[in-house]
Amino acid sequence: LPVSLSLVFGAMAVWLVLGVGTGVLSAWRRGRLSERVLTGLTLAGQATPVFVIGLILMIVVCGQLELLPFPQYVNLSDDPEQWAWNLVLPWLSLALVEAAAFARLTRASMLETLAEDHIRTFRAYGVGERSVIGRHAVRGALAPIIALNANTFGSAVGGAVLTETLFGLPG
């Protein structure tokens, strides 16, 4: 259980940062090329199984680029730095699949929030676009993201078996 929880908690941090960040950027840049590229990457990420993403990451990062060694689990109490370095690839492989759902939900929630009256009022008063997006629109779009995170965390604990098996983690 500690191995599975450390895998899921680390992946949760990554999928929240990637998913919410991509969704906010995609909603902010609606209709532009960057939004279309992010939407395409999001759909590809959601359609790709976790074991395929994990294999690609291992081949590219460990084999071709030799940036990281092949992951071997080290206990957090033994060496925290080695623990984190050895879980980077499993975190990324699990998080990339889940981040796609968060990006899509965040984009939809942000577009809905950006169309509300209070956002138009902030813009009419001359509040900067970054402030409108960062302080007001994101805050309004967080409720469904929090609900999805609670649901995804529970299913990721059970679904981490594939990632643990792929990377040889004793979970």
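Being a predicted model, the structure only gives us computed values, none of them experimental. Position labels on residues start from 1 in each chain and follow its written sequence. pLDDT decides what is reported in this predicted model: residues at 70 or higher carry local features, side-chain atom pairs at 80 or more are listed and counted, and totals for whole chains, interfaces and linings draw on all residues regardless. Only hydrogens and water are removed before side-chain values are computed, so all heavy atoms of the structure are retained for them.

Remarks on the overall build of the chain
Right, so step 1: Each helix and strand in the chain was counted, giving six helices and zero strands.
Right, so step 2: Helix and strand assignments come from DSSP, with helices taken as H or I runs of at least 4 residues and strands as E runs of at least 2, each series counted from the N terminus. Written out in order from the N terminus, the α and β elements of the chain read α-α-α-α-α-α.
Right, so step 3: In terms of principal-axis extent, the alpha carbons of the chain reach across some 55 × 30 × 25 Å.
Right, so step 4: Under the scheme applied here, a residue whose accessible area is under 20% of the maximum for its type counts as buried, over 50% as exposed, and between as partly exposed, the area being computed with a 1.4 Å probe on protein chains only. A total of 171 residues make up the chain; the buried ones form 37% of that total.
Right, so step 5: When checking whether two residues touch, look at their non-hydrogen atoms; a contact exists if any pair is within 4.5 Å. Nonlocal contacts in the chain, meaning residues at least 24 apart in sequence, comprise 74% of its contacts between residues at least 6 apart.
Right, so step 6: In this tally, Lys and Arg are treated as positive and Asp and Glu as negative; His is ignored, and so are the chain termini. Charged groups are reduced to one reference atom each: NZ for lysine, CZ for arginine, CG for aspartic acid, CD for glutamic acid. Averaged over its 11 positive side-chain charges, the chain has a centre that lies 18 Å from the centre of its 11 negative ones.

Focus on the pattern of salt bridges
Right, so step 1: By salt bridge we mean one thing: a side-chain nitrogen of Lys or Arg within 4 Å of a carboxyl oxygen of Asp or Glu. Taken as a whole, this structure holds three salt bridges when the rule is applied.
Right, so step 2: A salt bridge links R120 to D117, with the shortest nitrogen-to-oxygen separation between them at 2.9 Å. Taken together, the residues R120 and D117, both in helix 5 (residues 117-124) and three residues apart, mark about one turn of the helix.
Right, so step 3: Judged by its relative accessible area of 48%, R120 is partly exposed.
Right, so step 4: On the accessibility criterion, D117 (53% relative accessible area) is exposed.
Right, so step 5: With a shortest N-O distance of 2.8 Å, R123 and E129 are connected by a salt bridge.
Right, so step 6: For E129, a relative accessible area of 33% gives the class partly exposed.

Describing a nonpolar patch on the surface
Right, so step 1: The patches described consist of residues with a relative accessible area above 30% and no salt bridge, like charges being joined within 9 Å and nonpolar side chains (Val, Leu, Ile, Met, Phe, Trp, Tyr) within 5 Å. Surface accessibility in these figures is a Shrake-Rupley result with a 1.4 Å probe; residues are shielded only by whichever protein chains are displayed. Nonpolar side chains collect at one region of the surface, where F51, L55, I56, I59, V60, L65, L67 and L162 lie side by side and expose about 750 Å² of accessible area between them.
Right, so step 2: By the element assignment, L65 lies in the loop between helix 3 (50-64) and helix 4 (80-114).

Comments concerning the nonpolar core
In summary, soluble globular proteins display a tendency toward joint burial of nonpolar side chains.
Right, so step 1: The definition of a nonpolar core used throughout is a set of buried Ala, Val, Leu, Ile, Met, Phe, Trp, Tyr and Cys residues joined through side-chain atoms within 4.5 Å. Membership of the largest hydrophobic core comes to 39 residues, with the highest contact counts inside it found for W15, L89 and M110.
Right, so step 2: In terms of residue count, the dominant contributor to this core is helix 4 (twelve residues).
Right, so step 3: Residues contacting W15, with those up to four places away along its chain left out, are V8, V20, A95, E98, A99, F102, N149, T152, F153 and A156.

With respect to the layout of surface pockets
Right, so step 1: Of the two site types, the cavity is a set of points on a 1 Å grid over the protein atoms alone where a 1.4 Å probe fits but cannot get out, and the pocket is an open set with protein on both sides within 12 Å along at least five of seven lines, each lined by residues with an atom within 4 Å of a point. Grid points are joined across faces, edges and corners, and a volume is the space filled by probe spheres set on the points. Roughly 290 Å³ of volume is contained in the largest pocket.
Right, so step 2: Where the lining of the largest pocket is concerned, the elements lending two or more residues are helix 1 (2-28), helix 2 (33-47), helix 3 and helix 4.
Right, so step 3: Here the element with the most residues in the lining of the largest pocket is helix 2; it accounts for five residues.
Right, so step 4: Throughout this entry, Asp, Glu, Lys and Arg are counted as charged residues, while Ala, Val, Leu, Ile, Met, Phe, Trp, Tyr, Cys and Pro are counted as nonpolar. The remaining residues, Gly among them, count as polar. Residue composition of the lining of the largest pocket, by class: ten nonpolar, five polar and no charged.

It is worth stressing that arrangement in space is one thing and function is another; only the former is reported here.
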